[in-house]
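# Breakdown of the fold
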Amino acid sequence: MLFGIIGGSGLYDPEILEEVKTENVATPFGEVDVYRGRGGGREVVFLPRHGPGHTVPPHLVNYRANIWALWKLGVSRVIATAAVGSLRRRLRPGEAVIVDQFLDFTKSRPSTFFTGGAYGVVHVDYTEPYCAEVRRALLAAAREAGIVAHDGGCYVCTEGPRFETPAEIRMFARLGADVVGMTGVPEVVLAREAGLCYGTVAVVTNYAAGMAGRPLSHQEVLDLMAENTTRLRKLLVRTVELVPAERNCRCGGGPGLPGME
Ligand code: HPA
């Protein structure tokens, strides 16, 4: 089983892997640079979501190329990291939420591989958007790594790159969102279309706009992630170890990608 790790803000290097090699993967949506190595006793592909050096902002990430590249390399299970703001007092900075639902408030992103034509019209089921087996492993690994981890939570994805207004945050909270970020969608959507298991560890870096009584800054997000990097790396390696080799979930039952050989 080949494992994929998508590193978000604050986690750009393949430090957790050994025997690392870089690889360039061609996809119908452009080229993707990944790192390949060993970690948690398994072969792992590490993909920095924002590109090497963190140069691509959330709304311009080439999500389709990233997921296609993982699929093409033969990855079957993916864990993603995400920095998030908290909409609930009980979800504190430094804690993790192993999210189980999402709300999509993105605006300008290509969010499907299925664009009609020869592939027909495809509607994929998202009753359980995040892989139950990957989520279980993330929860156990987080606790072992000494991270307070919450089982379940709703992730609202905004378009960014601006932070939200306090009015938007109040609206999202009323709609049921627990944490807010800018990159979880369409990544989770495309992963399911490609038949990949996908789970996210959302690291709370701040209380959302209007909740902390002061303006937000990207620096505070990065600072919080830097403080937690060691524990987060432990969590990722342990998750790779804990996920069963055999898939006993429904994630792979989708239609398959257009042009899939
Ligand atoms: N809003 C959106 N994205 C984020 C936040 C936030 O408050 N914190 C970290 N990523």
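Residues numbered from 1 in each chain as written. Predicted model: local features only at pLDDT ≥ 70, side-chain atom pairs only at ≥ 80, totals over all residues. Heavy atoms only, no water.

All right, on to the overall build of the protein chain then. Tallying secondary structure elements over the protein chain gives six helices and eleven strands in all. For 261 residues, the compact-globule estimate of 2.2 N^0.38 gives 18 Å, and the C-alpha radius of gyration of the protein chain, at 17 Å, lies within 12% of that figure. Sorting the 261 residues of the protein chain into buried and exposed places 55% on the buried side. At a minimum sequence separation of 6, the contacts of the protein chain that also span at least 24 residues come to 81%. (Helix = DSSP H or I, 4+ residues; strand = E, 2+ residues; numbered from the N terminus. Rg over C-alpha atoms; globule rule 2.2 N^0.38 Å. Buried < 20%, exposed > 50% of the residue type's maximum accessible area, 1.4 Å probe, protein only. Contact = heavy atoms within 4.5 Å.)

Remark: helix 1 (residues 63–73) packs on helix 4 (residues 184–193), axes separated minimally by 9 Å, with the N-to-C direction vectors making an angle of 35 degrees. For the pair helix 1 and helix 4, the sense of crossing is right-handed. Along its contact with helix 1, which presents Tyr63, Arg64 and Ile67, the element helix 4 presents Val185, Pro186, Glu187, Leu190 and Ala191. For the contact of helix 1 with helix 4, the class distribution of residues is six nonpolar, no polar and two charged. (Axes fitted to C-alpha atoms, helices over the stretch in contact; angles between N-to-C directions. Left-handed = near helix turned anticlockwise from the far one by under 90°. Nonpolar A, V, L, I, M, F, W, Y, C, P; charged D, E, K, R; others polar.)

When you line up the elements, Gly252 lands in the segment after helix 6 (229–242). Residue classification places Gly252 among the partly exposed residues on the basis of a relative accessible area of 43%. In this structure the C-alpha to C-alpha distance between Gly252 and Ala209, which are 43 residues apart in sequence, comes to 37 Å.

Time to look at the site of the ligand. Lining the immediate surroundings of the ligand are Ala83, Val84, Gly85, Phe163, Glu164, Val180, Gly181, Met182, Thr205, Asn206, Leu216 and Val221. Gly85 is positioned such that a nitrogen or oxygen atom in its backbone is 3.3 Å from a nitrogen atom of the ligand. Note that a nitrogen atom of the ligand is positioned 2.8 Å from one of the side-chain N or O atoms of Glu164. Protein coverage of the free-state accessible area of the ligand, which is 260 Å², stands at 95%. Among the elements that make up the shell around the ligand, the one with the highest residue count is strand 5 (residues 75–86) (three residues). (Near = heavy atom within 4 Å. Polar contact = N/O pair within 3.5 Å; in protein donor to acceptor, adjacent residues only side chain to side chain. Areas by Shrake-Rupley, 256 points an atom, 1.4 Å probe, with all protein chains shown as cover.)

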